[in-house]
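Coordinates in review
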Amino acid sequence: MYGLGMARGLLVTLKNMTKKPFTIQYPEERVKQHPRFRGEEFVWYEERCTGCASCAKYCPLGIIKIVTSPSESAPKEGDKYKLEVFDIELQRCMFCGLCVEACPYDCLFMGSGFEQGRYSREDMVIHVEDLRNSAKNPSTFYRPQLEQSGYDPRGGRPLSWREVGREKWDWHKREKAGLRLIETDIDSPSEESR
Amino acid sequence: MNCQLASDSIFYQNALYRFIYDTAGTLVPCSFSHVIAGLTIMLMLVNSVLLGAALVTWLERRLLGRLHNRIGPNRWGPFGLLQPIADLVKLITKEDLVPSGADRIIFTAVPLVMMVPLVLMTAVIPFAQDTMLADLNIGVLFILAVSSATTIGIFMAGWSSNNRYALFGAARSVAVLISYEVPVVISLLGVVMISGSMSLNDIVHAQSIPFLLVQPIALFVFVTGMSAELNRTPFDIAEAESEIIAGYHTEYSGIKFALIFATETGAMLVVSAVIATLFLGGWTGPLEDFLGWFWFLLKTLAIIFVFIWVRATYPRLRLDQIMALSWKFLLPLSLINLAITAVEVFLLRDASGHLSLADLWIMAAINIPMAILLILLMGGLFQKKINSLPVRTETPMVPGVPTIEVK
Amino acid sequence: MTVNVGPQHPSTHGVFRLRITFDGEEIVEVEPILGYLHRGSEKLAEERNYVQVVTLTDRMDYTSSMINNQAYCLAVEQLLGITPPKRGKYLRTLVAELQRIASHLIAVGFFIQELGAFGTPLMYSFRSRERILDLFEMLCGARVTVSYMRPGGVFADTPNDFWPALEAFLDDFAVEFEEMEHLLMENEILTARTRGVSPISPDLAINCSVSGPVLRASGVNWDWRKMSPYDAYDEMEFDIPIGRNGDNYDRFWVRMQEIKQSMRIVRQCIDIIEPGPVRIADLPLVLRPEVGVEAYGRVEASKGELAFYLVSDGGVAPYRCKVRAPSLINLTITEHLLVGWTLPDMIVSLGSVDINMGEVDR
């Protein structure tokens, strides 16, 4: 029958008027992110970082700059490099998370924020000081151990470097630095903390 | 002006005019008070039309938002009521340029030419019981004539822009407007015949039941026709955003564009008021002595809602389809309506030419089923040509794959 | 009269430029000019290793990133001679079908927008697409440029709250989609505008190497998910919608029906999936295929046949990565589509072919 389709269309539009609006009024309300959200911040644990620069090598855009020097004492097996420069250019970062994927020591995580606008180009590069002072609420992207513990970065407490790793925190005592993570059973933690 | 003449004039019938005239008459001589009273009412009308146009833009954006399941503008003022003011400020601060090679005088005169007929139309609409600026006894003819005067403004805008796309857009718009005048005028003849006069006030008085029930075909044709004349979807080819010809107001910026846009919205407001008066009963309703204006406003808003609702739902028609709709669908409908109404009025009226309430109900009972039947029938005829497409038989198909076919 | 429908235009699906010669209202000659979004993706792919290229492929057809990832990962798996585990295959299929729904929602929404409906169906389809993007955020952390798949599977398993959210979405979307169908499919104005406009005969479609919904709207029932099934499509039951005349209405109808069929596939995936690994476990972080191996990984993307041709020289990066972009090949029928029709029909016809300039120009 002619006109029936048009009448049905009018009814659909009218029905939608009675539904609650789908809008979320930013900035008073914000969309709730999933814990796995790849935010625009980086969470870095200096205690876990060895200066291997896997993140810098794996970044598709090459925006991570790492300059290290060997540590003062004679480098022994398991020593870390001394990190002098660790720059991440936020203005060109596409937040793909490949650096997080590459990090073998679980020391680099994505954050959960997305409001990282700055007013000048110099501010858009984060240096090692900013990374040291970053809020330690890591996103659970590519970190299944955080997800298994049910961590929620948006509402959760900051995590310390001992609780964020896939392995126990002193796994490296038994392994050479730079190898991929494999399952080991470390029977007891050693006395000294690193 | 002689004070006695003033008291006999048609203006004196208006209560508001009388009030101001008498009050001012105590202070100044009566010729001045006539001028003061007339100017006051005229300014009130003009301001209310412009303010109404601004509020209708607000209403349209919020209603469209709700129909889209989202909130409309709500940042400026409570519920976004100051949004038209924000738009106005933005438009005023824009550069007001006249394109090179354009005819300056005509280009600048266009907003005025479009605004003046609009405001003129409000003079004959009764807002409350027997309250109107001028109770012309040719009210309907006046409205139809004056509403066509905006067409000249559109063509002036297209011509003086020195832009061939604007000219095309204006020519298309004028073609649409002219072809939709004919069914609109013919559809109103039925209403005039039933009520026996062209004065809008008399038409309202004659509506013991709203003419919506007595003349449904006329309402349908009138609403569709005015939708096209106002350049509203589904007939808004003149200002289609997704086509390269941006229409007759391409070259307008700043306050000129604001005035043209306000005219279009104001025209929608005034046309809704006219529809409410002619077909829905104007100011009639319970407690019409005091609340006549309230019922009038309510009915106008209902028609505005229908216009916005249709805009949110339907896509646009192509130009040849718009012309076909007017000449092949609306015109025969309105002619048939005229014939049927003429026959009914001739048979049912009594000696003085008056139709009683019972007669109106009889006409309604005949007209409503006739309307449904006719619209479906003619629509079916209209659509038959489009769907008869050739069916393909030889298509390379891969056997054994489950498929669904379109109907 | 020659007119330039320039790169900046509200309805040309990105930066697409056309030079059209009119005779009155009718189009006489059409010359498309491309390249405004060329970013050198194929050359950039030669500088990045095989996993980093996944992030490049996201951005080619940015409305359907998962399917781009899937095509590329298929090609790399052919190079290496590996297949992903079962759960990885099911997850890939599920996500690809969700992405197909999202991409078709954009196509349908903008198609109606160009017809002039002031964006009501656009708002409805984007409302549904928002929920799909929220699902993607649950899976991989990003909404549009997802990089979810890796050669060997997908990179992470689904979180626990994904499956209830997916079921809730499917139920709500079934209702919303039915509403959209009521609004659009029987609308007489829509059929009057789109039926019979710009028909493409099946011979013309095949000769111009058109693929995807445009080909199926002309009546040819060719779909790579049935012809050479990849991932888990050989275990799924779904129909192929085909049109009859190849006009605008048929292309629109085919897309709406494909959304329904995709919902069917997603429901089957939910029923059939079992716990297990999602990615081959002992792949090195940096992949090195053998010297001189080539691979052609092809999928049925939402816009047509998307394929990656990879040549390896033993290094960490592909020696040559060539993308067969469906939108670019579908543009071959531009002049057959537009010549002889009027200006409003041009906008609508281009919208019905559903091109994406990120894919055309790469």
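Above this text you will find the structure in question.
Everything numeric in this text was worked out from a predicted model, so none of it was measured. Throughout, residues of each chain are indexed from 1 in the direction in which the sequence is written. Going through the entries in the order they are written, you letter the chains from A and number the ligands from 1. Side-chain atom pairs in this predicted model are given and counted only at pLDDT of 80 or more, local residue features only at pLDDT of at least 70, and totals for whole chains, interfaces and linings cover all residues.

Over its 14 residues, helix α1 (residues 4-17) of chain A extends 20 Å from the first C-alpha to the last, a length consistent with the 20 Å expected when each residue adds 1.5 Å. Burial in this document is a count-based property: other C-beta atoms within 10 Å of a residue's C-beta are tallied, and the residue is buried at 20 or more, exposed at 12 or fewer, or partly exposed in between, with C-beta positions derived from the backbone. Only DSSP runs of H or I covering at least 4 residues are called helices, and only runs of E covering at least 2 are called strands; the numbering of each starts at the N terminus. Taken as a whole, α1 of chain A has its buried residues at G9, V12, T13 and N16 of chain A. What you see down the axis of α1 of chain A is that its buried residues fit within an arc of 95°, all on one side. Whether two residues are in contact depends on their C-beta atoms, placed from the backbone: they are in contact if these lie within 7 Å. On its buried face, α1 of chain A is in contact with α3 (30-67) and α13 (288-313) of chain B together with α5 (120-140) and α6 (162-184) of chain C. One fewer than the residue count of a helix, multiplied by 1.5 Å, yields its expected span. The directions from the helix axis to the C-beta atoms form the arc being described.

Once that is clear, we can look at the interface of chain A and chain C. You'll often see interface size given as the accessible area lost when the parts meet. The partner chain C presents 21 residues to the 25 residues of chain A that form the contact. Going through the elements one at a time, α1 and α3 (98-102) of chain A are the ones with two or more residues in the side of chain A that touches chain C. Here the side of chain A that touches chain C gets seven residues from one element, more than from any other, and that element is α1 of chain A. Gly counts as polar in this scheme, as do all residues outside two lists: the nonpolar Ala, Val, Leu, Ile, Met, Phe, Trp, Tyr, Cys and Pro, and the charged Asp, Glu, Lys and Arg. Per-class residue counts for the side of chain A that touches chain C are 13 nonpolar, eight polar and four charged.

Okay, the packing of α3 of chain B against α13 of chain B next. Residues and elements named next belong to chain B. In this analysis, axes come from line fits to C-alpha atoms, helices being fitted only over the stretch in contact, and the angle between any two N-to-C directions falls in the range 0 to 180 degrees. In contact at an axis separation of 10 Å, α3 and α13 are set at 50° when each is read in the N-to-C sense. The angle between α3 and α13 places the two elements in the oblique class. α3 and α13 meet at a crossing whose hand is right-handed. Judged by residue contacts, V56, L59, E60, L63, L64 and L67 of α3 engage I304, F305, I308, W309 and A312 from α13. Within the contact of α3 with α13, the residues separate by chemical class into ten nonpolar, no polar and one charged. Our angle categories are set so that under 35 degrees counts as roughly parallel, over 145 as roughly antiparallel, 65 to 115 as roughly perpendicular, and the remainder as oblique. What makes a crossing left-handed is the near helix being turned counterclockwise from the far one by less than a right angle; a clockwise turn instead makes it right-handed.

So, about the environment of G165 of chain A. In this fold, G165 of chain A is placed in the segment after α5 (144-148). Excluding residues that lie within four positions of it along the chain, G165 of chain A makes contacts with R48 and D106 of chain A.

Residues and elements named next belong to chain C. Even without being glycine, S147 reaches a positive phi, approximately 50°. Assessed through the 28 C-beta atoms surrounding it within 10 Å, S147 is described here as buried. For S198, which is not glycine, the phi dihedral falls at a positive 55°. Tracing the backbone through its elements, the reader meets S198 in the loop between α7 (188-194) and α8 (202-207). According to the C-beta neighbour criterion, S198 is buried, with 24 such atoms within 10 Å.

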